[in-house]
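Descriptive analysis of the structure
Each chain is listed here by its residues.
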Amino acid sequence: MGDQTCRAICREMLKPGDHICTERWNGLYYHHGIYVGDDLVIHVNGPRKRSAYSSTKMKSSSSASSLYHDTCQNNGCQKGFNCGTIKTCLDCFLDGHSLYVYDYECSIVRRYVKQNGGCIKSPEEVIELATSKLQRKDFCAGYNLLVSNCEHFATLCKTGLAFSMQSIILTAKTVAFLTK
């Protein structure tokens, strides 16, 4: 999934308003959010979100990537395992995994956005919408892997359309399998 809609990026290349993602479970799926600058990300945590590092101590204080949920020192980071729309530092968002930026120029994404009447919002509009959703529980109460997840949140902020390419592709593959 990642190599179709996401491309690797180094943190120095991030721009506020970027839709970013990171792999989970060895690339089985990707977690999505909106980079808002100052090493902070707004994203949706579903119910019972747990960090792989939540029960471990900080590995090394000299490594920025070793700062995870329970040990994060970033004052802008909403530590813990809140359900809903939250703001965390980039390190906590990545949870030890690689950083990707969502590719809205990818043909499948571009075609979907165009066919459904969406458009790419300005970075300011993206950040304003993401910020307006902070601490709202609507994405938690209505969280659904296929119809209301972190990718739906990020694409809504970026295009005005709530969609998930991961969900669309998974659904299509499931239907194809079941109709064989």
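For every chain, the first residue of the written sequence is number 1, and numbering continues from 1 along that sequence. Only residues with pLDDT of at least 70 get local features here, since the model is predicted, and only at 80 or more are side-chain atom pairs given and counted; chain-wide, interface and lining totals rely on the full set of residues. Computation of side-chain values: all heavy atoms of the structure, hydrogens and water removed.

- The name that an unreviewed UniProt entry assigns to the protein chain is LRAT domain-containing protein, with the source organism given as Citrus clementina.

**Concerning the pattern of salt bridges**
- Salt-bridge detection follows one rule: a side-chain nitrogen of Lys or Arg within 4 Å of a carboxyl oxygen of Asp or Glu. Per the stated rule, a full pass over the model turns up three salt bridges.
- Between aspartate 39 and arginine 11 there is a salt bridge, and its shortest N-O distance comes to 3.8 Å. One end of the pair, aspartate 39, is in the loop between strand E3 (29–37) and strand E4 (40–45); the other, arginine 11, is in the loop between strand E1 (6–8) and strand E2 (19–24), and 28 residues separate them in sequence.
- Each member of the salt-bridge network shares a partner with another, and the members are Arg11, Asp39 and Asp91. Secondary structure elements are defined from DSSP: runs of H or I of at least 4 residues count as helices, runs of E of at least 2 residues count as strands, and each element is numbered from the N terminus.

**Brief notes about the sheet that holds E2**
- Paired strands, as defined in this entry, are two strands with at least two bridges between them according to DSSP. As summarised here, the arrangement of the six strands in space is E1-E6-E2-E3-E4-E5, forming an open sheet in which the pairing is antiparallel. Because the sheet does not close on itself, it has two edges, and the strands there are E1 and strand E5 (84–89). Each strand of the sheet is rotated relative to its neighbour by a mean of 40°, with strand direction disregarded.
- Contact criterion: two residues are considered in contact whenever any of their non-hydrogen atoms come within 4.5 Å of each other. Lines fitted to C-alpha atoms define the axes, with helix axes restricted to the stretch in contact, and inter-axis angles between N-to-C directions lie between 0 and 180 degrees. Of the strands in this sheet, E2, E3, E4, E5 and strand E6 (100–102) touch helix H6 (residues 150–159), which is tilted by about 40° from E3.

**Some thoughts on the environment of cysteine 106**
- Residue placement: cysteine 106 occurs in the loop between E6 and helix H3 (107–115).
- The class for cysteine 106 is buried, based on a relative accessible area of 12%.
- Cysteine 106 sits 101 residues away from threonine 5 along the chain, and the two C-alpha atoms are 6.1 Å apart.
- With residues near it in sequence (within four places) discarded, cysteine 106 still touches Gln4 and Thr5. Note on classification: 1.4 Å probe, protein chains only; a residue is buried when its accessible area is under 20% of the maximum for its type, exposed when over 50%, partly exposed between these limits.

**Re the packing of aromatic side chains**
- Only Phe, Tyr and Trp rings are paired, with Trp represented by its six-membered ring, and only when their centres lie within 6.5 Å; those with planes under 30 degrees apart are stacked, over 60 edge-to-face, the remainder tilted. Enumeration over the complete set of coordinates arrives at three aromatic pairs.
- Taking the centre distance of 4.8 Å and the plane angle of 55° together, the rings of tyrosine 102 and tyrosine 104 count as tilted.
- Residue tyrosine 104 is classed as buried on the basis of its relative accessible area, which comes to 8%.

**With respect to H6**
- With respect to burial, H6 is a largely interior element, 10 of its 10 residues being buried.
- Two residues or fewer past H6, glycine 160 is found with a positive phi of approximately 85°.

**Looking at the nonpolar core**
- Definition of nonpolar core: a set of buried residues of the types Ala, Val, Leu, Ile, Met, Phe, Trp, Tyr and Cys, connected through side-chain atoms within 4.5 Å. Ranked by size, the top nonpolar core spans 16 residues in total, and within it Ile34, Ile42, Cys89, Ala130, Phe153 and Cys157 carry the most contacts.
- Every element with two or more residues in this core is listed here: E3, E4, helix H4 (123–132) and H6.
- The element best represented in this core is H6, accounting for four residues.
- Once residues lying within four places of it in the same chain are set aside, the contact partners of cysteine 89 are Asp39, Leu40, Cys72, Asn74 and Cys77.
- Listed in part, the 12 residues of the second largest apolar core include Tyr30, Tyr100, Tyr104 and Phe163.

**Focus: unusual backbone geometry**
- A positive phi angle, near 60°, is found at aspartate 39, a position not held by glycine.
- Under the relative-accessibility criterion, aspartate 39 is labelled partly exposed at 32%.
- At aspartate 95, a position not held by glycine, the phi torsion is positive, near 55°.
- Structurally, the position occupied by aspartate 95 is in the loop between helix H2 (90–94) and E6.

**As for the packing of H4 against H6**
- Orientation of H4 relative to H6, taken along the N-to-C sense of each, is 135°, at an axis distance of 7 Å. Between H4 and H6, the angle falls in the class oblique. The two elements H4 and H6 cross, and the hand of that crossing is right-handed. Of the residues in H6, those touching H4 at Val126, Leu129 and Ala130 are Phe153, Leu156, Cys157 and Lys158.
- Residue type decides the class: Asp, Glu, Lys and Arg count as charged, Ala, Val, Leu, Ile, Met, Phe, Trp, Tyr, Cys and Pro as nonpolar, and the leftover types, Gly among them, as polar. Residues of the contact of H4 with H6, tallied by class, amount to six nonpolar, no polar and one charged. For classification, angles of less than 35 degrees are called roughly parallel, those exceeding 145 degrees roughly antiparallel, those between 65 and 115 degrees roughly perpendicular, and all remaining angles oblique. Handedness of a crossing follows from how the near helix is turned relative to the far one, being left-handed for an anticlockwise turn of less than a right angle and right-handed for a clockwise one.

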